[in-house]
Amino acid sequence: MVRTFNTHNIRKQQELTGKYWDFSPCVGKYAGEHFKVATPCCWESHPKFAGYRGEGEYTTTFKTGGNIRLEFKGISHTAEVWLDGRKIAKHYNAYTIFDAVCTNLSYGEHTLTVRADNRFSEKSALHIPNDYMSYGGVSRPVVLEQISDVYIRNVHVTPYKADGKWKAKIEIYLENTKGNKYGDKDCFKINETENISENNRCVSDGENDIKKSENRSVDVLVKVAGGKYNCEKLNCFWKNIDVEKNNIVKAEMEFDNINEWTPETSELYYIEVKLLRNEKAFDDLIDRFGFREIKVSGKEILLNGEKIRIKGVCRHEDHPQFGCALPFAAIAADIELVKDMGANSIRTSHYPNDEIFLDICDEQGILVWEENHARGLSEENMRNPNFEPQAEKVIEEMIPAHYNHPSIYIWGILNECASDTEYGKECYKKQFDIIRKLDTSRPCSFASCKFKTDICFELPDVVSYNIYPLWYHDAEPDEFLDDLYKWVQNETKGVGKPFMITEIGAGGLYGYRNNYDSKWTEEYQAEALRKQLTAVLGYKDCIGVYIWQFCDIRISDEWFGTRPRTMNNKGIVDEFRRKKLAYNVVKEIFGK
């Protein structure tokens, strides 16, 4: 399953995952042996590779020819890709999409090999031993698409309200496969005989050089229609767009009788873009969006002009059966539990999430804080020469891919990193600048744990703190929060901005109970959360809270093997989604 809705009616698309692939580990006891594995998957889900850290090769075959696009929704965490033995792509980071375009491919059966690597090294600045598990494998879907010489890469819709009417800015991004054998971009060397363009574009199989089309002009048709109610269709049409000179088409549209997207009424609309030549459509792209507008006003975040009150949970993509490769049913079940406990928001800790998760949140009216990939990096970590390009690339890949999801109301970066240092501040500023260049329609923030030492609050639109009174700090939650908030207002440049708590909680081992309610018991966790949530939600200048966390998760053995069960045990439910005593406490407080 790629998405919860159909994204093409004209362009031929085929999911290559959702079936068995061949898997072979590159090192260790079973090196060179071959196993059939169901994809998408993490190899840690296989009984022989639960603790495997290294490289592994996934192989499948498919029949096609001509111009193709291969899209990889997520490979954990470093990927190299070969088609018929020729390297066509490489990519770093498990949580963002990348693709490869191959032109003039001969018709017949082709072999696709993906080498995934989950090892830690200086080359990997973001995937490091951490308080969550860094898995290995083809962890999200792989998709094959048949494309022409010109195709639609993306469409972005930015709804806004003006003069009492809903309008939308529309930007359509067209891709041109024109070029020589290795594409238009500068090439870099893979080895003595292989080259690949810098962004994995326009690679020929070598049998034929790419032939320049006689006609690079296309017509562009845009249709917008309602989802549930099949509202009146609105069209825009452009003729003779010269793709060699202009690969972005922009427009503004005005709408009547709109149903707004809110957590209570999560109405979605479809935008369909078609490319035509001689009045015949040859490519299309369908996406969804919602009519909603996010603004910051003083100390509040407004959704369609109304104040929002966040009652949320932080959630990792982690499951004892699937690792980070959760299928649709498991994701949907998580969101049902989140809704049942009365939460209205999820924070994607600490990386961009699967598109299927975001699709479900769009449909279910769940507000999403989505953040780039980084957690707990010191200044020394951030001085790794790979840190800035890798972290910035995540933003540059995350926002264009997830732009249209109405559920995403805020972008976050760099959870608990070195925001108390001047060097760290420079890094934060660069990343916020990238976000604001890519998207001006949403606010941005970061979650800090630097108690009274953070120097970066002039940079975000929203001030956010992770605090753990009654767990890491022997302090009453109401006093701790009040002291921190007053410091932000009186001593920092975060004065007057919206303020929220992005982590709070306590550990509790499922089934561990005693008569004196000691730490790690379910009783202690439940009572700590009762006091914490009561204090935060009762504080008039705090716009909301995210509990750490939704479920217990596996962590890296290398990072914190002394945690009980080598797990982060602060979940409201355990890793198998069994409710702890804290579940009903949260449900009671969130329901008030």
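Located above this text is the structure these notes cover.
Reference entry: report on the structure contained in this document. (Residues numbered from 1 in each chain as written. Predicted model: local features only at pLDDT ≥ 70, side-chain atom pairs only at ≥ 80, totals over all residues. Heavy atoms only, no water.)

Right, let's get into the sheet that holds strand 16 (residues 248-255). Pairing in this open sheet of 3 strands is antiparallel, and the strands run 9-10-16 from one edge to the other. What marks the edges here is a single partner per strand, and that holds for strand 9 (150-162) and strand 16. Between one strand and the next, the sheet's axes are offset by a mean angle of 20°, whatever the strand orientation. Inspection of the sheet shows strand 9 paired to strand 10 (residues 165-176) by 12 bridges, in the antiparallel sense. Opposite Ile152, over in strand 10, you have Leu174 as the bridge partner. (Pairing = 2+ DSSP bridges. Helix = DSSP H or I, 4+ residues; strand = E, 2+ residues; numbered from the N terminus. Axes fitted to C-alpha atoms, helices over the stretch in contact; angles between N-to-C directions.)

Strand order in this open sheet of 3 strands is 19-20-21, and the pairing throughout is antiparallel. Looking at the sheet topology across the chains shown, the edges are occupied by strand 19 (294-297) and strand 21 (306-307). Examined bridge by bridge, strand 20 (residues 300-303) and strand 21 share 2 bridges and lie antiparallel to one another. Bridge pairing links Leu302 to Lys307 in strand 21.

This part covers the packing of aromatic side chains. On inspection of all chains with the given rule, the structure shows 31 aromatic pairs. Consider the rings of Phe23 and Tyr58, whose centres lie 4.9 Å apart with planes at 45°: the pair is tilted. Of the two residues, Phe23 sits in strand 2 (residues 20-25) while Tyr58 sits in strand 4 (residues 55-72), which places them 35 residues apart along the sequence. For Tyr58, a relative accessible area of 0% corresponds to the buried category. Both rings, one in Tyr269 and one in Phe289, keep their centres 6.3 Å apart while their planes meet at 35°; by these two values the pair is tilted. You can see Tyr269 sitting in strand 17 (residues 269-277) and its partner Phe289 sitting in strand 18 (residues 280-289), a full 20 residues away along the chain. (Phe/Tyr/Trp six-rings, centres within 6.5 Å; stacked < 30°, edge-to-face > 60°. Buried < 20%, exposed > 50% of the residue type's maximum accessible area, 1.4 Å probe, protein only.)

Counting buried positions along strand 18 yields 7 of 10 residues, so the element is predominantly enclosed. Both strand 17 and strand 18 contribute to a ladder of 9 bridges, which runs antiparallel. Residue pairing in the sheet places Glu272 in a bridge with Ile286 of strand 18. The hairpin turn running from strand 17 into strand 18, its antiparallel successor, is 2 residues long, and Asn278 in that turn takes a positive phi close to 55°.

To continue, consider the pairing of strand 3 (residues 35-38). Only one face of strand 3 is buried: it carries Phe35 and Val37, and the other face, with Lys36 and Ala38, is open. As judged from the 4 bridges shared by strand 2 and strand 3, these two strands associate in the antiparallel manner. Pairing of Tyr20 across the sheet is with Ala38, part of strand 3.

Below, the discussion takes up the environment of Lys339. Following the sequence through the fold, Lys339 ends up in helix 1 (residues 328-340). Sequence spacing of Lys339 and Ala162 is 177 residues, and the spatial spacing of their C-alpha atoms is 33 Å. Once residues within four sequence positions are removed from consideration, Lys339 is found in contact with Gln364 and Ile366. Among the polar contacts made by the side chain of Lys339, one reaches the side chain of Gln364 at a distance of 2.4 Å. (Contact = heavy atoms within 4.5 Å. Polar contact = N/O pair within 3.5 Å; in protein donor to acceptor, adjacent residues only side chain to side chain.)

Attention now goes to the environment of Cys236. Within the element layout of this structure, Cys236 appears in strand 15 (residues 234-242). It is 9.0 Å that separates the C-alpha atoms of Cys236 and Val224, two residues lying 12 residues apart in sequence. Each residue touching Cys236, except ones within four places of it in the same chain, is listed here: Val220, Leu221, Val222 and Met253.

With that out of the way, let us pick up the packing of helix 7 (residues 522-537) against helix 9 (residues 581-590). Helix 9 packs onto helix 7 with a crossing angle of 20° between their chain directions and a minimal axis gap of 8 Å. When the interaxial angle is binned, helix 7 and helix 9 end up roughly parallel. The interaxial crossing formed by helix 7 with helix 9 has right-handed handedness. Facing Glu522, Glu523, Gln525, Ala526, Leu529, Arg530, Leu533, Thr534 and Leu537 of helix 7, the residues of helix 9 in contact are Leu581, Ala582, Val585, Val586, Glu588, Ile589 and Phe590. When the residues that make up the contact of helix 7 with helix 9 are grouped by side-chain class, the tally is 10 nonpolar, 2 polar and 4 charged. (Parallel < 35°, antiparallel > 145°, perpendicular 65-115°, else oblique. Left-handed = near helix turned anticlockwise from the far one by under 90°. Nonpolar A, V, L, I, M, F, W, Y, C, P; charged D, E, K, R; others polar.)

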